[in-house]
Number of protein chains: 2
Amino acid sequence: MSIRVGIMGYGNLGRGIECALKQNSDMELVAVFSRRDPATVKILTEGVKVYKAEEAVNHKDEIDVLILCGGSATDLPVQTPEFAKNFTVVDSFDTHARIPEHFANVDAVAKENGNVAVISAGWDPGMFSLNRLYANAILPDGKDYTFWGKGVSQGHSDAIRRVEGVANAKQYTVPVDAALAAVRSGANPELSTREKHTRECYVVAEEGADKERIAAEIKSMPNYFADYDTTVNFITEEELKKNHAGIPHGGFVIRSGKTGWNLENNHIIEYSLKLDSNPEFTASVIVACARAAVRMKNEGMKGCKTIFDIPPAYLCNISAEDLRAHLL
Amino acid sequence: MSIRVGIMGYGNLGRGIECALKQNSDMELVAVFSRRDPATVKILTEGVKVYKAEEAVNHKDEIDVLILCGGSATDLPVQTPEFAKNFTVVDSFDTHARIPEHFANVDAVAKENGNVAVISAGWDPGMFSLNRLYANAILPDGKDYTFWGKGVSQGHSDAIRRVEGVANAKQYTVPVDAALAAVRSGANPELSTREKHTRECYVVAEEGADKERIAAEIKSMPNYFADYDTTVNFITEEELKKNHAGIPHGGFVIRSGKTGWNLENNHIIEYSLKLDSNPEFTASVIVACARAAVRMKNEGMKGCKTIFDIPPAYLCNISAEDLRAHLL
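Cut-offs applied
Residues numbered from 1 in each chain as written. Chains lettered and ligands numbered in written order. Predicted model: local features only at pLDDT ≥ 70, side-chain atom pairs only at ≥ 80, totals over all residues. Heavy atoms only, no water. Contact = heavy atoms within 4.5 Å. Buried area = accessible area lost by both parts, 1.4 Å probe. Salt bridge = Lys/Arg side-chain N within 4 Å of Asp/Glu carboxyl O. Polar contact = N/O pair within 3.5 Å; in protein donor to acceptor, adjacent residues only side chain to side chain. Helix = DSSP H or I, 4+ residues; strand = E, 2+ residues; numbered from the N terminus. Least-squares fit on C-alpha atoms with pLDDT ≥ 70 in both. pLDDT = per-residue confidence, 0-100. Buried < 20%, exposed > 50% of the residue type's maximum accessible area, 1.4 Å probe, protein only. Pairing = 2+ DSSP bridges. Axes fitted to C-alpha atoms, helices over the stretch in contact; angles between N-to-C directions. Right-handed = clockwise from strand over helix to strand, strands pointing away. Phe/Tyr/Trp six-rings, centres within 6.5 Å; stacked < 30°, edge-to-face > 60°. Lys NZ or Arg CZ within 6 Å of the ring centre and 35° of its normal. Parallel < 35°, antiparallel > 145°, perpendicular 65-115°, else oblique. Left-handed = near helix turned anticlockwise from the far one by under 90°. Nonpolar A, V, L, I, M, F, W, Y, C, P; charged D, E, K, R; others polar.

**Student:** Any chance you could explain the interface of chain A and chain B here in plain terms?
**Tutor:** How big an interface is tends to be reported as the loss of accessible area on association of its parts. On the side of chain B, 69 residues touch chain A, which itself brings 70 residues to the contact. Between chain A and chain B, the buried area comes to about 6,100 Å², and carbon and sulfur atoms account for 62% of it. There are 0 salt bridges connecting chain A and chain B. For the pair chain A and chain B, the number of links is 31 residue pairs in polar contact (both at pLDDT 80 or more). At the level of elements, helix H1 (12-22), helix H3 (99-112), helix H4 (127-138), strand S12 (249-259), strand S13 (265-275), helix H10 (278-298) and helix H11 (320-327) of chain A are the ones that each hand at least two residues to the side of chain A that touches chain B.

Now the structure itself:
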């Protein structure tokens, strides 16, 4: 029998979940919930209905796992504990600093109600975290490096769009090749923010706007750009649509560490992602975690879990025997 | 209280385990067992005794986990089931084709005696396998590629040494850059054995030996070299000692896969290792698995396990809270 999945929230991520479910033969989409008027929400899967978010609880017996696709700032801190009362849930909560608090809130509710809730599924937090953990477990004497990009930062693109005279914008975070090379050499460099990443901005200015002032304002924006080498390229709306429509991302997690009686040998562990679509890849990780969440629930586990707690085999639609025979 | 570890077999791998234990403050070496005369086995750790292999069972109450450092061809198929009767054990069984059989043998004994036995710990099988699994779970529509090297193949070096007129030899397996680039481009190429790796041989010839005949014999050796572009370099014993004394290795696991409603987006997941010392890195993975094995045993689990079954957090000497706060 298929794992029956509900999607809560139908933006880029929700749509990515829908696409990922189509690729996983052991799972099926049974309902989409939205805060918008269901009549205005067009989904891709034939025969699946869209309901108002508040109706979800009425469908709890038809759903094995509910995937929460809201934002980390205001949606998930409320939604994940709320829905963990009635559902096995998975979210992609990605505010790193608030994970312990979110975990505690979700864990209390999930335990009380006998449910499993997987939080912070995705790639960072998620697969990048997992690779930091494995590399730390293997090489206790070492140093971690995480680089992001080349990829679109939604938050930084939004910040540019708020600058006066900007009609549209896209921002790419780009890891610095020289920094990557230094890390890979085993030199364990100390790297400043500026040395690790550059920021490339593609900006559509409003007609008559002062481009010099816009560029200066972007480059000096505290937190977002001031600590980076930032380049600002002015382009037309047509060029933006044509050349910068995608949502690519990716990055590198590297640990450089020593072994040997006198720590005489060095090792480099590197994990990297090159993603055409950030939301679709994130969704693909979440869907694998949703499978694992249902398995853990069926085994009688309860409470909040992260990718750190999931036996890897639980993520895969392949039997334990086949995994050992073909992937080990 | 520390996890008390015994080492069975003191070659390169056993010595690597000893070094790794020194780096893990929650673990301590309590005994080394060898088939050699204990008086002839000099270990690095002060105050720890070396015993005959057959005495191990007399020390079972002093040992939380016994790490088996024998070879996969003849040692481990016998040793792992044998010691799983009385110990929590970890091995690095690496004959991929015989893993299902080894698993079944070990599982039966470990279950019957209430022990946990982790098999095939290391990097391939081990971390490479794990990365194949995660990447398959995330991207069901895709293609796996594994490249090895640049690194020393012990088996191939041995094969060269058996050629008449060869005094000594070292063989490196080298991934082909063009093949790596093609895979990373997302082109999903079909690659022949010859296209993926080359083989570099450094050979010390005996005095008066026919070097042309030796080179021809190496290059045409079936299974080992005939299917590869092989280069043979003749050097002196001094050069071999000076420039080829290490046991480096490494490699790349790459999955290229598609997502999207019409599979329109491509993603590349890459994991790579660059290791100064193959046995020390392997040992470091094994030691992390030994920690996990003891935790699983303490939780009442039993039977044979692989890295696929181990919740990642169990591998780490870091609390679940700290992992979530700092690595997630």
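**Student:** For this particular structure, what's the right way to read the relation of the copies chain A and chain B?
**Tutor:** Mapping between the two copies of the chain is achieved by a rotation about an axis and a shift along the axis. It takes a turn of 180° to lay chain A on chain B, together with a shift of 0.0 Å along the axis; the resulting RMSD is 0.1 Å. Both copies of the chain, as the preceding transformation shows, are related through a two-fold rotation axis. When the interface residues of chain A are mapped onto chain B, 99% of them again lie at the interface, so the same face is used by both copies.

**Student:** Mind showing me how you'd approach the confidence of the model for chain A here?
**Tutor:** Detailed reading of the predicted model is not advised wherever pLDDT is low. Mean pLDDT for chain A: 97, with 100% of residues reaching 70 or above. In the predicted complex, the global pTM is 0.96; the interface-specific ipTM is 0.97.

**Student:** Just to check I follow, could you spell out the pattern of salt bridges for this structure?
**Tutor:** One side chain can pair with another of opposite charge once the charged atoms of both are near each other. Residues and elements named next belong to chain B. A complete count under the given rule lists 30 salt bridges over all chains for this structure. Residue Arg-161 pairs with Asp-158 through a salt bridge whose shortest N-O separation is 2.6 Å. In this pair, Arg-161 and Asp-158 are both assigned in helix H5 (residues 154-161), 3 residues apart and thus about one turn of the helix distant. Residue class for Arg-161 comes out partly exposed when judged on its relative accessible area of 30%.

**Student:** Would you take a moment to explain unusual backbone geometry for this structure?
**Tutor:** For residues besides glycine, phi is generally negative; the peptide bonds are generally trans as well. Residues and elements named next belong to chain A. Look at the link from Asp-124 to Pro-125: it is a cis peptide, with omega at 5°. Counting through the fold element by element, Pro-125 comes out in the loop between strand S6 (116-118) and H4. Lys-150 follows Gly-149 through a cis peptide bond whose omega is 0°. Tracing the backbone shows Lys-150 in the loop between strand S7 (142-148) and strand S8 (151-152). The backbone phi angle of Asn-188 is positive, close to 50°, even though this residue is not glycine. Topologically, Asn-188 is positioned in the loop between helix H6 (177-184) and helix H7 (193-196). Judged by relative accessible area, Asn-188 falls into the partly exposed class, the value being 25%. A positive phi angle, close to 50°, is found at Leu-263, a residue other than glycine. Following the sequence through the fold, Leu-263 ends up in the loop between S12 and S13. For Leu-263, a relative accessible area of 36% translates into the label partly exposed.

**Student:** I'm lost on the sheet that holds strand S11 (residues 229-234) of chain B in this one. Help?
**Tutor:** Strand-to-strand pairing in sheets goes through backbone hydrogen bonds, with the strands running parallel or antiparallel. Residue and element names in this part refer to chain B. In space, the 4 strands of this open sheet follow the order S8-S9-S10-S11, with mixed pairing throughout. Whereas interior strands pair on both sides, the edge strands pair on one side only; in this sheet they are strand S8 (151-152) and S11. Pairing geometry for strand S9 (residues 166-175) and strand S10 (residues 197-205), over 9 bridges, is antiparallel. In the sheet register, Pro-175 faces S10, and the bridge partner there is His-197.

**Student:** Quick question: what am I supposed to make of the sheet that holds strand S14 (residues 303-305) of chain A here?
**Tutor:** All names here are of chain A. Taking strand neighbours across the sheet as the criterion, the 7 strands line up as S3-S2-S1-S4-S5-S6-S14 in an open arrangement whose pairing is parallel. Looking at the sheet topology across the chains shown, the edges are occupied by strand S3 (49-52) and S14. Most of the contacts of H3 go to S14, to which it runs at about 135°, and overall it touches S6 and S14. Sitting on the sheet, H10 touches strand S1 (3-8), strand S2 (27-34), strand S4 (65-68), strand S5 (89-90), S6 and S14, and the angle it makes with S6 is about 160°.

**Student:** Would you take a moment to explain the pairing of S4 of chain A for this structure?
**Tutor:** Two faces, one strand: in a regular strand the side chains alternate between the faces of the sheet. Residue and element names in this part refer to chain A. The alternating pattern of S4 places Val-65 and Ile-67 and Leu-66 and Leu-68 on opposite faces, both of which are buried. Strand direction decides the pairing type here: S1 and S4, joined by 4 bridges, are parallel. Pairing of Met-8 across the sheet is with Leu-68, part of S4. Across 2 bridges, the pairing between S4 and S5 is parallel. Counterpart to Leu-66 in the pairing with S5 is Val-89. This β-α-β element, S4 to helix H2 (residues 75-83) to S5, shows right-handed connectivity.

**Student:** I keep staring at the packing of aromatic side chains and nothing clicks. Help me out?
**Tutor:** Here the distance between the centres and the angle between the planes together describe a pair of aromatic rings. Residue and element names in this part refer to chain A. The final tally for this structure, using the stated rule, is 11 aromatic pairs over all chains. Residues Trp-123 and Phe-128 carry aromatic rings whose centres are separated by 5.2 Å and whose planes lie at 80° to one another, so their mutual orientation is edge-to-face. By the burial criterion, Trp-123 is buried, and Phe-128 matches it. By the ring-pair criterion, three or more aromatic residues cluster together here, those being Trp-123, Phe-128 and Tyr-271. Over the ring of Tyr-172 we find Lys-150; its NZ or CZ atom is 5.0 Å from the centre of that ring.

**Student:** I tried to follow the side chain of Arg-255 of chain A on my own but got confused; where do I start?
**Tutor:** All names here are of chain A. On the secondary structure map, Arg-255 appears in strand S12. At a separation of 2.8 Å, a polar atom in the side chain of Arg-255 contacts the main-chain carbonyl oxygen of Leu-139. A polar atom in the side chain of Arg-255 sits 3.3 Å from the backbone oxygen of Pro-140. Beyond its immediate chain neighbours, meaning those up to four positions away, Arg-255 contacts Ala-135, Asn-136, Leu-139, Pro-140, Asp-141, Gly-142, Lys-143, Asp-144, His-267, Ile-268 and Ile-269.

**Student:** Just to check I follow, could you spell out the packing of H1 of chain A against H10 of chain A for this structure?
**Tutor:** To characterise two packed helices, one gives the angle between the axes of the helices and the distance between these axes. Residue and element names in this part refer to chain A. Taken N-terminus to C-terminus, the directions of H1 and H10 make an angle of 60°; their axes are 8 Å apart at the nearest point. By the angle between their axes, H1 is oblique relative to H10. Crossing of H1 against H10: the hand is right-handed. Residues Asn-12, Leu-13, Arg-15, Gly-16, Ile-17, Ala-20 and Leu-21 of H1 lie in contact with H10, whose contacting residues are Pro-279, Glu-280, Thr-282, Ala-283, Ser-284, Ile-286 and Val-287. Counted by class, the contact of H1 with H10 contains 8 nonpolar, 4 polar and 2 charged residues.

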